[in-house]
Amino acid sequence: MSNQFSNLNNIHVQQFIDYLKFELRNRKEIEEEVTEELQDLLESRITASDTYTGQEVIDALEDIPDLVESTMDRQLEHVRDVTMVLIKNVFAQAKVHNTEIHLSVAQLEDETMLKNSHAFCNSLIKNPEEVLAAAPKAQGQILSRKPKVDTSSNDELEKLRQENAKLRAEIQAGLDEFPQYAKLKQMINEREIEIRGVKARL
């Protein structure tokens, strides 16, 4: 565990694991929505039975950046709202215990801390049981007792990680499977051949 997270006890670590499970599910939903939006746009603009000019291809594709921006902006706002709920709950719990908490927003731009956080998240996703077992026990827990690991939760986390990696690979290669996208690639290649032919005759 990196120095930045070395003071976390096993209860903290378990809650990080639970949060990462939620985050992976949420990320998967976002990626699926972006894929569906792109597919719907292509299906509405391009049909496999028609032929198109180069300008028509450009016109068909010009809305893709706006579509992606709109979808991602909506999802990023959702992530913001989720984060605000999480912070609010932390403040509420601190108030119950008469504890004052101050958030250091500047640390959110600290590259070293962000890299440490990234490494910690990866370690939790890959080896949740190992990280949980190595974490100091919370005060009041019996030291001789082995930390209880929710195996089903860890299995679910690993499953979500694998599904997320698979989904990323599918999105990376998925456009090639869309008939509309294949048609666009063919038309673009045809236009490029025509352009090269015209240049050769000049």
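Computed from a predicted model, the values in this text were never measured in an experiment. (Residues numbered from 1 in each chain as written. Predicted model: local features only at pLDDT ≥ 70, side-chain atom pairs only at ≥ 80, totals over all residues. Heavy atoms only, no water.)

Asks: So what's going on with the overall build of the protein chain? Residues and values would help.
Replies: Looking only at helices and strands, the protein chain features 7 helices and 0 strands. Starting at the N terminus, the α and β elements of the protein chain follow one another as α-α-α-α-α-α-α. In the protein chain, which comprises 202 residues, the proportion classed as buried is 23%. Taking the contacts inside the protein chain whose residues are at least 6 apart along the sequence as the reference set, 77% of them involve residues at least 24 apart. If you sum the accessible surface of the protein chain, you get close to 14400 Å²; carbon and sulfur atoms cover 54% of it. (Helix = DSSP H or I, 4+ residues; strand = E, 2+ residues; numbered from the N terminus. Buried < 20%, exposed > 50% of the residue type's maximum accessible area, 1.4 Å probe, protein only. Contact = heavy atoms within 4.5 Å. Areas by Shrake-Rupley, 256 points an atom, 1.4 Å probe, with all protein chains shown as cover.)

Asks: Mind laying out a negative patch on the surface, listing which residues take part and the relevant values?
Replies: Negative charge collects at one region of the surface, where Glu56, Asp59, Glu62, Asp66, Glu69, Asp73 and Glu77 lie side by side. When contributions to the negative patch are tallied by element, the ones reaching two or more residues are helix H2 (54-61) and helix H3 (64-96). Counting residues per element, the negative patch draws most heavily on H3, which supplies 4 residues. Its location among the elements puts Asp66 in helix H3. (Patch = residues over 30% accessible without salt bridge, like charges linked within 9 Å, V, L, I, M, F, W, Y side chains within 5 Å. Salt bridge = Lys/Arg side-chain N within 4 Å of Asp/Glu carboxyl O. Lys, Arg positive; Asp, Glu negative; His and termini not counted. Charge placed at Lys NZ, Arg CZ, Asp CG, Glu CD.)

Asks: Please provide a residue-by-residue account of helix H4 (residues 111-126), values included.
Replies: Its 16 residues place the ends of H4 22 Å apart at the C-alpha level, agreeing with the 22 Å of an ideal helix rising 1.5 Å per residue. Of all the residues in H4, the buried ones are Phe120, Leu124 and Ile125. Across the axial projection of H4, the buried residues extend over an arc of 135 degrees, all falling on one side. In H4, the exposed residues that point more than 90 degrees away from the buried face are Glu111, Thr112, Lys115, His118 and Lys126. By the N-cap criterion, in which a side-chain oxygen at the helix start approaches the backbone nitrogen of a residue two or three places on, H4 is capped by Asp110, the distance to Thr112 being 2.9 Å. (Expected span 1.5 Å × (residues − 1). Arc of directions from axis to C-beta. Polar contact = N/O pair within 3.5 Å; in protein donor to acceptor, adjacent residues only side chain to side chain.)

Asks: Outline H3, supporting the account with residue identities and numerical values.
Replies: The end-to-end C-alpha distance of H3, which contains 33 residues, comes to 48 Å, matching closely the 48 Å that a straight helix rising 1.5 Å per residue would cover. Of the positions making up H3, those classed as buried are Leu67, Thr71, Gln75 and Ala94. At its buried positions, H3 is contacted by helix H1 (10-45). Positive backbone phi, at 55 degrees, marks Asn98, one or two positions downstream of H3.

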